[in-house]
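What follows is each chain in one-letter form.
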Amino acid sequence: MTDELDDDFQHNKKKVKKEKPPKEISPALIRQQALRYLDRFAATTMKLRRHLMNKSSKAIEFYQTDPEAVLEIIDAEISKLVDAGILNDTEYAASKARSMGRQGKSSLQISVKLQSLGFEDNEADRALDQLREEEGYTERKAAAKYIKKRRFGPYKLDGVTKERLQKELQTLVRNGFDYSLSKSLLMMERCEEIEDIIFASE
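Residues numbered from 1 in each chain as written. Predicted model: local features only at pLDDT ≥ 70, side-chain atom pairs only at ≥ 80, totals over all residues. Heavy atoms only, no water.

Turning next to the overall build of the chain. Looking only at helices and strands, one finds 11 helices and zero strands in the chain. For the chain, the α and β elements follow one another from N to C terminus as α-α-α-α-α-α-α-α-α-α-α. For a compact globule of 202 residues, the expected C-alpha radius of gyration is about 17 Å, and the chain comes in at 26 Å, more than 25% above that figure. Looking at the chain as a whole, 34% of its 202 residues are labelled buried. The contacts of the chain with a sequence gap of at least 6 include a subset with a gap of at least 24, amounting to 67%. Here the chain displays about 13,400 Å² of accessible surface, and carbon together with sulfur accounts for 49% of that area. The averaged location of the 36 negative side-chain charges in the chain is 4 Å from the averaged location of its 37 positive side-chain charges. (Helix = DSSP H or I, 4+ residues; strand = E, 2+ residues; numbered from the N terminus. Rg over C-alpha atoms; globule rule 2.2 N^0.38 Å. Buried < 20%, exposed > 50% of the residue type's maximum accessible area, 1.4 Å probe, protein only. Contact = heavy atoms within 4.5 Å. Areas by Shrake-Rupley, 256 points an atom, 1.4 Å probe, with all protein chains shown as cover. Lys, Arg positive; Asp, Glu negative; His and termini not counted. Charge placed at Lys NZ, Arg CZ, Asp CG, Glu CD.)

Okay, the nonpolar core next. Counting 31 residues, the largest nonpolar core has I110, L114, I147, L185, L186 and I194 as its most contacted members. Counting only elements with at least two residues in this core, the list comes to α5 (89–102), α6 (107–116), α7 (121–135), α8 (139–150), α9 (162–174), α10 (179–186) and α11 (191–199). If you tally residues by element for this core, the top one is α8, at five residues. In this view, L185 contacts R140, A143, A144, I147, P154, I194 and I197; residues no more than four positions away in its chain are not counted. In this structure, Y37, L48, V70 and I78 belong to the second largest nonpolar core, which totals 15 residues. (Core = buried A, V, L, I, M, F, W, Y, C linked by side-chain atoms within 4.5 Å.)

Another aspect to go through is the layout of surface pockets. Using a probe with the size of a water molecule, rolled over the atoms, empty space left in the structure can be pinpointed. The volume enclosed by the largest pocket comes to roughly 160 Å³. Around the largest pocket sit P22, K23, I25, L29, I30, Q32, Q33, R36, K55, S56 and A59, which together line it. At five residues, helix α2 (residues 27–40) tops the list of elements feeding residues into the lining of the largest pocket. Residue composition of the lining of the largest pocket, by class: five nonpolar, three polar and three charged. (1 Å grid on protein atoms, 1.4 Å probe; cavity = no way out; pocket = protein on both sides within 12 Å on 5 of 7 lines; lining within 4 Å. Points joined across faces, edges and corners; volume = space filled by probe spheres on them. Nonpolar A, V, L, I, M, F, W, Y, C, P; charged D, E, K, R; others polar.)

Throughout the structure, instances matching the rule amount to five aromatic pairs. Aromatic pair Y37 and F41: ring centres 5.1 Å apart, planes at 45 degrees, arrangement tilted. Residue Y37 is classed as buried on the basis of its relative accessible area of 12%. The interplanar angle of 75 degrees and the centroid separation of 4.8 Å between the aromatic rings of F62 and Y63 together place this pair among those described as edge-to-face. Exposure remark for Y63: the relative accessible area of 30% places this residue in the partly exposed category. (Phe/Tyr/Trp six-rings, centres within 6.5 Å; stacked < 30°, edge-to-face > 60°.)

A few words now on the pattern of salt bridges. In total, this model carries eight salt bridges according to the counting rule given. Between R49 and D75 there is a salt bridge; the shortest N-O distance is 2.6 Å. On the criterion of sequence distance, the pair formed by R49 in helix α3 (residues 45–63) and D75 in helix α4 (residues 67–83) is long-range, its members being 26 residues apart. Taking the relative accessible area as the measure of exposure, R49 reaches 27% and is therefore partly exposed. Note on D75: relative accessible area 27%, which makes it partly exposed. When the shortest N-O distance is used, the salt bridge between R190 and E192 registers 3.7 Å. (Salt bridge = Lys/Arg side-chain N within 4 Å of Asp/Glu carboxyl O.)

Time to look at the confidence of the model for the chain. In the predicted model, the chain carries a mean pLDDT of 91, and the fraction of residues at 70 or more is 91%. For the chain, helix α1 (residues 2–15) is the element with the lowest average pLDDT, namely 54, and α4 is the one with the highest, namely 98. (pLDDT = per-residue confidence, 0-100.)

Next comes the structure, spelled out in C-alpha cells:
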C-alpha cells in the first residue's frame, strides 16, 4: 500500500511543472505578439489593443507594472503597424461590409456589426457607401439574396400559404429589412423574378 502511495506521489510530482514567469513587457514583445495575432486573424485596432492587453495581464500582475504604461507601449506599436499599412481599419470595415453584403445581410445588420467591432457611425456609413458604389449593393438585392438563400417565397414548391408568408415576412423584418419591400418580394410568383433582382446591374 505504501509503495502504491509513493508511486502515485512520484507520478503526480512529474505532472506538476513549475510555471515559468511571464516575459517582461517590452515594445519588441508587444510587436511580436501583435504580428503573430495578425498573421492568424483579421483585426481592428480596437480588437488588437484588447488582445494585447489581455496577453499582458499576467506580466502586469507579476511585475506590478502600471497598466497605463503598458497601454502606451501597445498604442505606440499599433501606430507603427497602421503607418506600415499592416493594420487598416478602413479596409477592414469595407471588407466586412462586402462579405456581409454578399451574404444578403441588410444595411442595418451590417451597420450594427461594424459598430460592435468598434467602428464609429461615420466609419460604418463610409463602408456602406463604398459597398453601394463598388458592389452595387441595394437593400432590394440583399433581401432577394436572403430570400433565395432561405428558399422563401417563390422558392417554396408547394406555394406560399398565408401563415408561411407571415412567418417569412417576420423573419425578414427581424433581419433589418423593410416590411413593404419584404412583402413585395415574397409575393413574387417566379424564382426568376428574384434572380433578376440579384443579378441586375444597378
